[in-house]
Each structure stands twice: as structure tokens, then as C-alpha cells.
Amino acid sequence: MKIDIKLKEKSYSVFINELEKIKLDTKVAVVTNPTVSALHVDTLLKLIEARECHVITVPDGEKYKNFETLNYILEECFELRLDRKSVLIALGGGVIGDMTGFAASIYQRGIDFIQVPTTLLAQVDASVGGKTGINNKYGKNLVGTFWQPRRVYCETTFLKTLPKKEFSAGVAEIIKMAVTFDKGFFEWLEKNSLHVEENLQYAIKECIKIKADVVSQDEREEGVRAVLNYGHTFGHVIENETKYSKYLHGEAVAIGMCMANELSFTLGLLSETQLQRVKILLEQYALPVTYDVKSVESFYDMFFLDKKSFNQKIKFILAKNIGGYSIKDDIEKEVLFEVLRNFEC
Ligand SMILES: NC(=O)c1ccc[n+]([C@@H]2O[C@H](COP(=O)([O-])OP(=O)(O)OC[C@H]3O[C@@H](n4cnc5c(N)ncnc54)[C@H](O)[C@@H]3O)[C@@H](O)[C@H]2O)c1
Ligand SMILES: [Zn+2]
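Residues numbered from 1 in each chain as written. Chains lettered and ligands numbered in written order. Predicted model: local features only at pLDDT ≥ 70, side-chain atom pairs only at ≥ 80, totals over all residues. Heavy atoms only, no water.

A. Main features of the packing of aromatic side chains. Evaluation of the coordinates by the stated rule reveals 16 aromatic pairs. Ring geometry for Phe 15 versus Tyr 153: centroids 5.4 Å apart, planes at 25°, classification stacked. Of this pair, Phe 15 sits in strand S2 (residues 12–16) while Tyr 153 sits in strand S11 (residues 151–154); the two residues are 138 residues apart in sequence, bridging distant segments of the chain. A relative accessible area of 17% places Phe 15 in the buried class. (Phe/Tyr/Trp six-rings, centres within 6.5 Å; stacked < 30°, edge-to-face > 60°. Helix = DSSP H or I, 4+ residues; strand = E, 2+ residues; numbered from the N terminus. Buried < 20%, exposed > 50% of the residue type's maximum accessible area, 1.4 Å probe, protein only.)

Right, here's the structure in full:
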């Protein structure tokens, strides 16, 4: 199965379960981490035919998604004498994908890279669309580039080794796309388990189609692409408040969607039944759906730390019925306080 991402300049394809060989008449470096390397690098290396093939290993974890690791990748590229025709291959989750893409975008003013995402989150979301980046002390993904991969290979076989929680975190992003873009897909998710391989493949395909469509319309997030941040405005505050240690990103997004849905409900965009249906679906994958807001004031203040609200306007992506969305940046403080009070402990 192949899905094309049509862009003004560099169009490319995402292949689902079609990785047989990667043939490149150039030097190649696979960027990965020790966890993924131990499980899957040998499988990948057997499929690569290149002039030279190297492996660059960086430490595992979001906390290493920083300048130091980026610089390490770049220095390794120089050590290996990669040239402007060389290709980087990202083998890992979103962290590896974002950093490899960033390194590829600036190494000798930009070289090609290929995504081989190994988490569900990366397969359905992070590996497609060309956003690259790293974190710094001011926040997550604040430094980065738009740099599209040459190709993306999503292989569901890699997901078999994924811890259960990581799998569920990916499901949260799948549900996110269904709620805001596709009612039929949401209803399908209510009836079909993603623990069944063929269902999982179908869901990955649907998400990539949604993402392909969104990114083709709005490569640089000037409009509709922001809808992919549904659940993220609340989710980022939760990640921040819990110091990125209590919840995986997808888990925080699951709670964030429930909070955003309360706001939709207050504004009359979503019915009580629709709100419950989203919650029930998230719970089926053991995703958290509630959160104890300790202080409504400080939760509110933290919205403004988000990079998307530098101009002091917070942008909320809200579900409008199931399968639709509404973007609002004029929500009254009092309305938000009322919603947050529902979560106060
Ligand atoms: N570029 C984008 O558009 C975009 C979109 C969404 C998220 N992201 C970024 O993606 C990152 C999150 O990605 P993630 O959830 O994949 O996290 P991750 O990359 O940290 O991977 C999660 C964990 O799973 C391990 N792992 C990966 N594949 C495995 C496998 N097959 N078997 C066993 N373990 C495996 C990793 O080593 C890691 O410990 C964040 O940094 C986020 O900012 C980017
Ligand atoms: Zn996300």
C-alpha cells in the first residue's frame, strides 16, 4: 500500500508494509537508539543496499532530544565523511525521526533522509509531514525546520515489540484524527479492535491519508494543519505540570482531548453523548481520561507558555460533533475557568 504526500516542491510516498529493499547508490547512515537497535537494526541493515552503510546510535529518550545529541549526529556524519548525496535513515520513534530529520536538513545545507518509524505514534503522525525539531529549556520542539523525508516506510512488524503503554499512546493520536476529521473512521474504531493486525494496518492507512491530505493543503501549519493539535493545548499543560514524567505524550493528549471536549460541550459544539463516546473509546485502550487540576489559575497561566500563543491568544482546536472541528482563539477566560473547575480536585 502506498500513499502519496503531494507537496508544491518535494512530493514523496509513504509505504505501508512494503519494505523489501532500500537501494541507494550513496553512503547511508542509520540513526537509531540502543533500545530500537537491539530489536530491529539487523532486520533493517539486511534490507539496505548502499555504497557504504553505517549506524549512528544516540541515547534513548525525549530528554536527549537536544542540541547536544543533534551535534553528535552531525559530527558522526562528518567523521563518516558523508557527502551531499548521502542519505540518513531514521529508525525509531518520533524522537529519532525528529532529530534525524533536523540533522539531515542542516548537514551540508541539507541532505536526503528516509523515515522508518518504529512506534505507532511515529507511524501515524510524526514520520509524515516534515516537521523536525529538538527541545530546549524554553520548551518542546521550539528549534527545528520543515524538511520532508524522501520516503517513509511504516512496517507494522516493528510494532510487535512496542510496550503496551507506547502502543496506547499512539492510539490516542489515531483517535485524535478520527474525532476531528472523519466520523466514519471514528465509528469504525468503536467497532474494531486495533489489537487485530489487519485492523491496525487499516487504521494506520486511514491516519496517513488524513495527514497526507492535511499536509498537502497546509505544509507549514498556517491553517488546517493546526487541527492536528486537537487535545494538545490542554495536553501540553498537563505534560508540563507533571514534568514530562507521569504521562507519555499520547496519554496527556488523551486527557487533553477530554478537556477540550468539555469546552466543546460548554460551547454547544459537542453533545454529552458524543463526549462520552470519545471517552469510552480512549478507555478501551487504557488511556487516561481525567486529571486533577490543582489550581485553575496556574493551569490557565500555563497555556501562555505554549509556543503557539506568543501573541497572548490561545488557540483551541475543538471537536465539532464527531468528524468536524472548530478553531477558536477568542475563548473568554471565564469560560475556560468554568471548564477547568470541572477538573479541580
Ligand atoms: N514531527 C512531527 O510531526 C511530530 C508529531 C508528533 C510527535 N512528534 C514527536 O515525537 C516524539 C514522540 O514520539 P514517540 O512516541 O515515538 O516516542 P519515542 O521516540 O521516545 O519512542 C518511545 C519509546 O519507545 C521505544 N521504541 C521505539 N520503537 C520501539 C519498538 N518497535 N519496540 C520497542 N520499543 C520501541 C523508544 O526507544 C522509546 O523508548 C516527541 O518528541 C514529539 O515531539 C513529532
Ligand atoms: Zn501529539
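B. Just the coordination of the zinc ion (ligand 2), in detail. Protein-derived coordination of the zinc ion (ligand 2) comes from Glu 173 (OE), His 232 (NE2) and His 249 (NE2), at a distance range of 2.1 Å. Look at where the donors of the zinc ion (ligand 2) fall in the sequence and you get E-x58-H-x16-H. Separated by 59 residues along the polypeptide, Glu 173 in helix H5 (residues 164–181) and His 232 in helix H8 (residues 232–241) bring together distant segments of the chain. Residue His 232 is classed as buried on the basis of its relative accessible area of 6%. (Donors = N, O, S within 2.8 Å, 3.2 Å for Na, K, Ca; no water.)

C. Fine view of the packing of H8 against helix H11 (residues 296–303). Between H8 and H11, the shortest axis-to-axis distance is 9 Å and the interhelical angle comes to 115°. With respect to their mutual orientation, H8 and H11 come out roughly perpendicular. Between H8 and H11 the crossing geometry is right-handed. Note on element contacts: H11 touches H8 through Ser 298, Phe 299, Met 302 and Phe 303, opposite Thr 233, Phe 234, Val 237, Ile 238, Asn 240 and Glu 241. Of the residues in the contact of H8 with H11, the class split is six nonpolar, three polar and one charged. (Axes fitted to C-alpha atoms, helices over the stretch in contact; angles between N-to-C directions. Parallel < 35°, antiparallel > 145°, perpendicular 65-115°, else oblique. Left-handed = near helix turned anticlockwise from the far one by under 90°. Contact = heavy atoms within 4.5 Å. Nonpolar A, V, L, I, M, F, W, Y, C, P; charged D, E, K, R; others polar.)

D. Layout of the environment of Ile 16. Within the secondary structure, Ile 16 sits in strand S2. Residue classification places Ile 16 among the buried positions, given a relative accessible area of 5%. As for Ile 16 and Ile 3, which are separated by 13 residues in sequence, their C-alpha atoms are 8.2 Å apart. Sequence-distant contacts of Ile 16, that is, excluding residues within four places in its chain, are made with Met 1, Ile 3, Cys 154, Ile 204, Lys 205 and Ile 208.

E. Geometry of the site of ligand 1. As a structural note, the neighbourhood of ligand 1 is formed by 25 residues, with Glu 62, Lys 65, Thr 118, Thr 119 and Thr 161 the closest of them. For ligand 1, a nitrogen atom lies 2.7 Å from a polar atom in the side chain of Thr 161. Computed on the free molecule, ligand 1 has an accessible area of 870 Å², of which 88% lies beneath the protein chains in the complex. At the level of elements, helix H1 (34–47), helix H3 (94–106) and helix H4 (120–126) are the ones that each hand at least two residues to the shell around ligand 1. A per-element tally of the shell around ligand 1 places H1 first, with four residues. Split by residue class, the shell around ligand 1 holds eight nonpolar, nine polar and eight charged. (Near = heavy atom within 4 Å. Polar contact = N/O pair within 3.5 Å; in protein donor to acceptor, adjacent residues only side chain to side chain. Areas by Shrake-Rupley, 256 points an atom, 1.4 Å probe, with all protein chains shown as cover.)

F. Quick look at the sheet that holds strand S7 (residues 87–92). As summarised here, the arrangement of the seven strands in space is S1-S2-S11-S8-S7-S4-S6, forming an open sheet in which the pairing is mixed. Each edge of the open sheet carries a strand with a single partner, namely strand S1 (2–5) and strand S6 (52–57). Within this sheet the neighbouring strands show an average axis-to-axis angle of 20°, counted without direction. Sheet analysis places S1 next to S2, joined by four bridges and oriented antiparallel. Pairing of Ile 3 across the sheet is with Val 14, part of S2. Sitting on the sheet, helix H7 (residues 197–217) touches S1, S2 and S11, and the angle it makes with S1 is about 15°. (Pairing = 2+ DSSP bridges.)

In short, shape yes, function no, at least from these values alone.
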